[in-house]
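Listed below, chain by chain, are the residues.
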Amino acid sequence: HRNKGDKAVDFYATKLERLRDCPMVIKYHHSEVMRYKGTPITVLISEYVEGVLLADMVKKRRGKRLPEFEALHVLYSLVCGLEQIHAKREYHGDLHEWNVLVRREGVRFGVKVVDLYDWGRPSASNIAEDVIDSVRLFYDMLGGKKWYPTQRPEIRQIVCGLKRSLITKRYPNARRLREHLDTFDWQGM
């Protein structure tokens, strides 16, 4: 019902084609029409991607949260990928812990995103929303409300109390957040 005349599949395939050079985006190879209970359904066939959903990764950790440094690495990988997506004048539009796949790669984390089918046209507000969502994911990786008051000032500076206006003022785009992560000073480390 959401793909009348294959419009959703065409839209999604076109968006993914524009983002084919972005390593964070899962590569789709082709489409096929399958039948489900007699109804033809067009599906996109993608590459196989190893990893775990961010939600499952966090849930399995002690205290259901990641250590600060690991959460920073995941955030950094996510923001670097978003920066590439935004440079192509696109956006994700629905970043949450169930749309992010994470795979440990040595001391780093590889990140892939799924479900980029937001139908809106790319805009500054869509891009800002991706940044806000990535900061929210970081907050959640660290244990959320329960642990926020005990976080280091450097962490709280990134999270900005989850105040949308502060986040967008400090980090109007993924590039600015990535630059902050590249240059901020950890006290006591």
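In this text, all values refer to a predicted model and were calculated from it rather than measured experimentally.

Q: Could you clarify how one ought to interpret helix 7 (residues 174-183) in this entry?
A: Helical geometry: 3.6 residues make up each α-helical turn, so side chains three or four residues apart lie on a common side. Listing the buried residues of helix 7 in full gives Ala174, Leu177, Arg178, His180 and Leu181. Down the axis of helix 7, the sector holding all buried residues measures 155°, keeping them to one side. Lining the buried residues of helix 7 we find helix 3 (68-87), helix 4 (124-141) and helix 5 (153-159). Between the side-chain oxygen at the start of helix 7 and the backbone nitrogen of Arg175 there is a gap of 3.2 Å, and the oxygen is on Asn173.

Q: Could you clarify how one ought to interpret the side chain of Lys112 in this entry?
A: Within the secondary structure, Lys112 is located in strand 5 (residues 108-113). Reaching out from Lys112, the side chain makes a polar contact with the backbone oxygen of Pro23 at a distance of 2.8 Å. The residues contacting Lys112, other than those within four sequence positions of it, are Pro23, Met24, Val25, Ile26, Glu47, Val49, Asn99, Val100 and Leu101.

Q: Just to check I follow, could you spell out the side chain of Asn126 for this structure?
A: Mapped onto the secondary structure, Asn126 falls in helix 4. Given a relative accessible area of 18%, Asn126 falls into the buried group. Those residues in contact with Asn126, other than ones at most four positions away along the chain, are Tyr91 and Arg121.

Parameters at a glance
Counting restarts for each chain: residues are numbered from 1 in the order of the written sequence. Totals for whole chains, interfaces and linings use every residue, but because this is a predicted model, local features are given only for residues with pLDDT of at least 70 and side-chain atom pairs only at 80 or more, for both listing and counting. Hydrogen atoms and water are omitted, and side-chain values are computed over all heavy atoms in the structure. Partly exposed describes any residue whose relative accessible area lies between the buried limit of under 20% and the exposed limit of over 50%, with all areas from a 1.4 Å probe on protein chains only and scaled to the type maximum. By the criteria applied, helices consist of DSSP H or I runs no shorter than four residues and strands consist of E runs no shorter than two, each listed in order from the N terminus. The directions from the helix axis to the C-beta atoms form the arc being described. Any pair of residues with heavy atoms lying within 4.5 Å of one another is described as a contacting pair. Distance and chemistry together define a polar contact, namely a pair of N or O atoms within 3.5 Å, with one atom able to donate a hydrogen and the other to accept it when in protein, and with adjacent residues in sequence counting only for side-chain atoms on both sides.

Honestly, that's just the spatial picture; any functional story needs more than this.
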